[in-house]
Amino acid sequence: MSQEPLGIEANGVRTTVELLQRSHEILVVDGGLDQLGEWMAGSQTCPLALGQRVLLVSNPVVFQHYGRRAIASLEKAGFQVAHCILPDGEHHKTLASVQ
């Protein structure tokens, strides 16, 4: 893991998780969950700028702890949010699982 500024009003840790078929970039930022919507909407310091519809995909345990906060942050930033709860395991993370 490397420590570098992320442009989200705080420093955090950025790393890549390598899996067999794909990799995921992971950002860990203190207080980042409550800033998720602002970050995804884009700003001068965080120019991600996505569309206005979001599908939040989670497993039951993670959603129970963090799902409502993530949705609230996204909605506050103007996103239309739907969510999909999938069982644990990479084999469930497919387009067919969320359609």
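Residues numbered from 1 in each chain as written. Predicted model: local features only at pLDDT ≥ 70, side-chain atom pairs only at ≥ 80, totals over all residues. Heavy atoms only, no water.

Asker: Got a minute to help me understand the side chain of Ser-58 in this structure?
Answerer: Structurally, the position occupied by Ser-58 is in strand S4 (residues 53-58). Classification of Ser-58 as buried rests on a relative accessible area of 12%. Looking at Ser-58, its side chain comes within polar contact range of the main-chain nitrogen of Phe-63, at 3.1 Å. Sequence-distant contacts of Ser-58, that is, excluding residues within four places in its chain, are made with Phe-63, Cys-84, Ile-85 and Leu-86. (Helix = DSSP H or I, 4+ residues; strand = E, 2+ residues; numbered from the N terminus. Buried < 20%, exposed > 50% of the residue type's maximum accessible area, 1.4 Å probe, protein only. Polar contact = N/O pair within 3.5 Å; in protein donor to acceptor, adjacent residues only side chain to side chain. Contact = heavy atoms within 4.5 Å.)

Asker: I keep staring at the nonpolar core and nothing clicks. Help me out?
Answerer: The tendency in soluble globular proteins is for nonpolar side chains to be buried as a group. Membership of the largest hydrophobic core is limited to nine residues, which are Met-40, Val-54, Leu-56, Phe-63, Ala-70, Ile-71, Leu-74, Phe-79 and Val-81. Counting residues per element, the ones that place at least two in this core are S4 and helix H2 (60-76). Sort the elements by how many residues they give to this core and H2 lands first, with four residues. (Core = buried A, V, L, I, M, F, W, Y, C linked by side-chain atoms within 4.5 Å.)

Asker: Just to check I follow, could you spell out H2 for this structure?
Answerer: Helix length check: H2, at 17 residues, gives a terminal C-alpha distance of 23 Å against a target of 24 Å (1.5 Å per residue), a fit within 8%. Every buried residue of H2 is listed here: Phe-63, Gly-67, Ala-70, Ile-71, Ser-73 and Leu-74. On its buried face, H2 is in contact with helix H1 (36-41), S4 and strand S5 (80-85). Backbone geometry just after H2 places Gly-78 at a positive phi near 95°. (Expected span 1.5 Å × (residues − 1).)

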